[in-house]
Amino acid sequence: MHRNELPPPNRLPSRSTPRDSALYDSLILRTVSRLMMPLLLLLSIYMLLRGHNLPGGGFIGGLLAASAIILQMVAFGPKTARRILPVNYLLLAAFGVFFGAIWGLPAMVAGLPYMQAFWLPEPIPGVGKLGTPVLFDIGVYLTVIGVTTKIALLLVEEPILFPLPAMKPSPVETEDGV
Amino acid sequence: MVFHLFIPIITPMIGGALAVLFNQQRLVARAIALISVLINLGYGLWLMSVVPATGPLVAQASGWFAPFGISLVVDGMSALMVMLAALLMLTTIIYSFYSIDEQREDHFYYPLLLLLLLGVSGAFLTGDLFNLYVWFEVLLVASFGLITLGGSRDQLEGGLKYVVLNLLGSTAFLAGCGLVYGFAGTLNMAHIAERMATLANPGLQTVLAGILLFAFGSKAAIVPLFFWLPSSYHTPPVAVTAIFSGLMTKVGVYALYRTFGLLFQNELATYGPWILLLAGLTMVIGVLGAVAQMNVRRILSFHIISQIGYSVMGLGLASAAGLAAGLVFTAHVMIVKMALFFIGGAAEQIYGTGDLKKMGGLARREPLLALFWFLGILSLAGIPPLSGFIGKLILLQVGVSQQAYLITAVAAGTSILTFFSMLKIWNEVFWKKSYDDVNRLPRVPFGLLAPGAALVILSVALGLLAGPLVDYNAIAGQQAFDRNVYITAVCGADGCEAVYRAALK
């Protein structure tokens, strides 16, 4: 096929249909993002669990997990990303707020200010100390995953209402001189 | 230490999350919203019954003691505002049941209302300057959502102005917050108040007070900073405009009262005359702007600005009595203004337009609606025996007793202009003969009439039984203006500085 007759690259989806292909088509990215997915998710849980004493926590962990999903979105497209984690991210975020908020309530039942922490006396091997702040952090974690991923999905799947004018390749001198 | 002081914050937060989760079941979402607001209302009423006797109630979030943690402080002013916010939100939710379309309900209308209530309650409760900023952001985010929900061209245009100008105010607030922290080294309001009294650097304090005056002034829509309000408030559904008119600018007024009553009381002597000048200009320009309008909600929007002038006048008088009078007036205007928005909105819904020229003759078709409107405008103008009379009378009394004759005269004169401009709506919408056959208009549903009517009846009751309200606000004004009581309540009898030094050792 002649170079000038190549179909336009994947940046002109038809009006009002959401994009469902990769944002950036690259073999390297696809390979790496497959490898990175479990690593990033593990790292996010690690961050979540160490957060109440050391740098980390629900927010950072949530951002890491969301970035794992967004990486899939960039490499494979939003449809694939949705298939990997088939949840309603908005409801996930709302559930996170609910879950985080209720773990402040035990303190109120005990007659202490909201969010005062209760801890298990002994740390659990491999997980660390457990208490209501960890549960609260899990709520934050879910909220951050939900909100961040939802925003990314909305941006990616947004129909392009005002497509840029078609990119006309500038005339190139080719070998056969056409 | 009162551990359950967090209820007005927790309830809308958990309620909002649940309302999102159950958004598909419309009735469940509505019930959740209603129950959350009722809990807040009950708790607010309880606070109001307790606080005048006990003095400010304090709670420290997760047990971190002041001045290191975030304190929640409820004095008379906060309790009144928490209660009013819940009451007005209750009427809004009931009005929304009958007026909000299903599409908006599907797109998280009730969760946004609860988020707004969360931000407003948090702003009224907090005793920490930066935390106040956070609550302002929460309520602004909710209001951004509410004002553009639906996404019509008008709404987006109004919403853009609203967002941009409010972000300007927020930026000034954040900058002011940072500068106060840099100057005083603390963000706990009680601690700041203590250090402002001891740190001798009057010039810097004046500048800080000026920045916060700009920030909260733009939220409260006082004169040079009010442009966002009339250009955006008439675009969203009536229920949203009404709750905005009741809460948004009043949070700004509350923040002004709190910062100048507590943090910068020394500066109030410097700024008092200037605040009075701004208050007078706000009254006059607001009401004159209203005279030029020909749309129900635009007229009412300009009146919000005009009434803010009265609330700010209470601050400018720079005394406990002035704050008390301002609080009485603010409480009155929150109630009456929302009632007028509800009733005007119902009329707008009947005609399908808010254009005065296309309306008319509603008094014959809906005499009850017309009656409540008329009572509402009498109250707003300050005719006895309605609540507006009490509110204005006390303000004018304090004004005269402090020899602020000019602002008192302006305030009295503005009342007449207010009445005149409200009569314009009365004439055009209710009295003048309609061009079309009035009998063909749809009847107003009970649900659109009831919230406005209930608020007007409340205004009448507050006017007839003004004693408790005035007494309550006299105490609230004193508490808001007495720094020592606040500091003692938050940090103990020795003050925050002693706690701070003891903790450092």
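Every chain's residues receive numbers from 1 upward, in the order its sequence appears when written. Think of it this way: whatever chain is written first is A, whatever ligand is written first is 1, and the rest follow in order. Given that the model is predicted, a residue must reach a pLDDT of at least 70 before its local features are reported, and side-chain atom pairs must reach 80 or more before they are shown or counted; all residues, however, enter totals for whole chains, interfaces and linings.

Caption draft 1: Seen up close, the overall build of chain B. Helix numbers and strand numbers start at the N terminus; a helix is a DSSP run of H or I with at least 4 residues, a strand a run of E with at least 2. The secondary structure content of chain B amounts to 22 helices and two strands. For a compact globule the rule gives 2.2 Å times the number of residues to the power 0.38, and the radius of gyration it is set against comes from C-alpha atoms. The C-alpha radius of gyration of chain B comes to 22 Å, within 12% of the 23 Å expected for a compact globule of 505 residues. Judged by the C-alpha coordinates and their principal axes, chain B covers about 80 × 55 × 40 Å. Exposure is read from a count of other C-beta atoms within 10 Å of each residue's own; the residue is exposed at 12 or fewer, buried at 20 or more and partly exposed in between. C-beta atoms are placed from the backbone. Counting the 505 residues in chain B, one finds 62% classified as buried.

Caption draft 2: Structural view of the overall build of chain A. Counting secondary structure elements, chain A contains six helices and zero strands. Going residue by residue from the N terminus, the α and β elements of chain A occur as α-α-α-α-α-α. Counting all 178 residues of chain A, 31% fall into the buried class.

Caption draft 3: Here's a closer look at the packing of helix H3 (residues 76-99) of chain B against helix H5 (residues 109-125) of chain B. All names here are of chain B. Relative orientation of the contacting elements H3 and H5 amounts to 170°, with a least axis distance of 9 Å. With respect to H5, the axis of H3 lies roughly antiparallel. Judged by residue contacts, Ser78, Met81, Val82, Ala85, Met89, Thr92, Ile93 and Ser96 of H3 engage Tyr109, Leu113, Leu117, Val120, Ser121, Phe124 and Leu125 from H5. Class assignment for the residues of the contact of H3 with H5 results in eleven nonpolar, four polar and no charged. All axes here are fitted lines through C-alpha atoms, helices being fitted over the stretch that makes contact, and every angle between N-to-C directions spans 0 to 180 degrees. Angular relationships are summarised with four words: roughly parallel below 35 degrees, roughly antiparallel beyond 145, roughly perpendicular across 65 to 115, and oblique for the angles in between. Contacts are defined on C-beta atoms placed from the backbone: any two residues whose C-beta positions lie within 7 Å are in contact. Think of it as three bins: nonpolar holds Ala, Val, Leu, Ile, Met, Phe, Trp, Tyr, Cys and Pro, charged holds Asp, Glu, Lys and Arg, and polar takes everything else, Gly as well.

Caption draft 4: Spotlight on unusual backbone geometry. Residues and elements named next belong to chain B. Ala66 connects to Pro67 through a cis peptide bond whose omega is 0°. The phi dihedral of Ser62 falls on the positive side, at around 40°, and the residue is not glycine. With respect to the helices, strands and loops of the structure, Ser62 is situated in the loop between strand E1 (57-60) and strand E2 (71-74). Residue classification places Ser62 among the partly exposed positions, given that 17 C-beta atoms sit within 10 Å. With a phi close to 65°, Ala221 is a non-glycine residue in the positive phi region. Its place among the elements puts Ala221 in the loop between helix H9 (202-220) and helix H10 (228-232). Assessed through the 26 C-beta atoms surrounding it within 10 Å, Ala221 is described here as buried.

Caption draft 5: Region of the structure containing H5 of chain B. Taking 1.5 Å per residue as the helical rise, H5 of chain B with its 17 residues ought to reach 24 Å, and the 24 Å between its terminal C-alpha atoms agrees with that figure. Counting buried residues in H5 of chain B gives 17 out of 17 residues, a clear majority hidden from the surface. By definition here, a helix of n residues has an expected span of 1.5 Å times n minus one.

Caption draft 6: Fine view of the environment of Ile94 of chain B. Its place among the elements puts Ile94 of chain B in helix H3. The residues touching Ile94 of chain B, leaving out its near neighbours within four places in the chain, are Gly447, Ala450 and Pro451 of chain B.

Caption draft 7: Geometry of the nonpolar core. Judged by nonpolar contacts, the single largest core of 236 residues is most densely connected at Ala85 and Val312 of chain B. By residue number, the principal contributor to this core is helix H14 (residues 320-351) of chain B, which donates 21 residues. A set of buried Ala, Val, Leu, Ile, Met, Phe, Trp, Tyr and Cys residues, joined through C-beta atoms within 7 Å, is what we mean by a nonpolar core.

Caption draft 8: Geometry of the environment of Asp128 of chain B. Residues and elements named next belong to chain B. Along the chain, Asp128 falls in the loop between H5 and helix H6 (129-148). Of the residues examined, Asp128 has 25 C-beta atoms within 10 Å and is grouped as buried. Taking the C-alpha atoms as reference, Asp128 lies 14 Å from Phe260; in sequence the two are 132 residues apart. Setting aside residues no more than four positions away along its own chain, Asp128 makes contact with Ile70, Ser71, Leu187, Asn188 and Met189.

Caption draft 9: Just the interface of chain B and chain A, in detail. Each side of the interface is counted separately: chain B has 15 residues, and chain A has 16 residues. Where the side of chain B that touches chain A is concerned, the elements lending two or more residues are helix H1 (7-21) and E1 of chain B. Residue contributions to the side of chain B that touches chain A peak at seven residues, all from H1 of chain B. Broken down by class, the residue content of the side of chain B that touches chain A amounts to eleven nonpolar, four polar and no charged.

Caption draft 10: Representation of helix H1 (residues 27-50) of chain A. Residues and elements named next belong to chain A. The terminal C-alpha atoms of H1 lie 35 Å apart, and with 24 residues this matches the ideal 34 Å at 1.5 Å per residue to within 8%. At any given residue, the bend is defined as the angle formed between two axes, one fitted to the seven residues that end at that position and one fitted to the seven that begin there. The axis of H1 is deflected most strongly, by about 35°, at Met36, and proline Pro38 appears within four residues downstream. Taken together, the buried positions of H1 are occupied by Ser33, Ser44, Met47, Leu48 and Leu49. Elements in contact with the buried residues of H1: helix H2 (58-76) and helix H6 (132-157).

Caption draft 11: Fine view of the environment of Ala215 of chain B. Residue and element names in this part refer to chain B. Along the chain, the position of Ala215 falls in helix H9. Given 27 C-beta atoms within 10 Å, Ala215 falls into the buried group. Note: C-alpha distance between Ala215 and Leu225 (ten residues apart in sequence) is 9.5 Å. If sequence neighbours within four positions are ignored, Ala215 has contacts with Gly169, Ala172, Phe173 and Gly176.

Caption draft 12: Local environment of the packing of H3 of chain B against helix H20 (residues 466-481) of chain B. Residues and elements named next belong to chain B. Axis separation between H3 and H20 bottoms out at 7 Å; the angle between their running directions is 125°. Between H3 and H20, the interaxial angle falls into the category oblique. Seen from H3, the contacting residues are Gly76, Met77 and Leu80; seen from H20, they are Tyr472, Ile475, Ala476, Gln479 and Ala480. Residue classes in the contact of H3 with H20 are distributed as six nonpolar, two polar and no charged.

Caption draft 13: Expanded view of the confidence of the model for chain B. Confidence per residue, as judged by the predictor, is encoded in pLDDT with a range of 0 to 100. In the predicted model, chain B carries a mean pLDDT of 92, and 100% of its residues have values of at least 70. Interface confidence for the predicted complex, given as ipTM, is 0.87, next to a pTM of 0.92.

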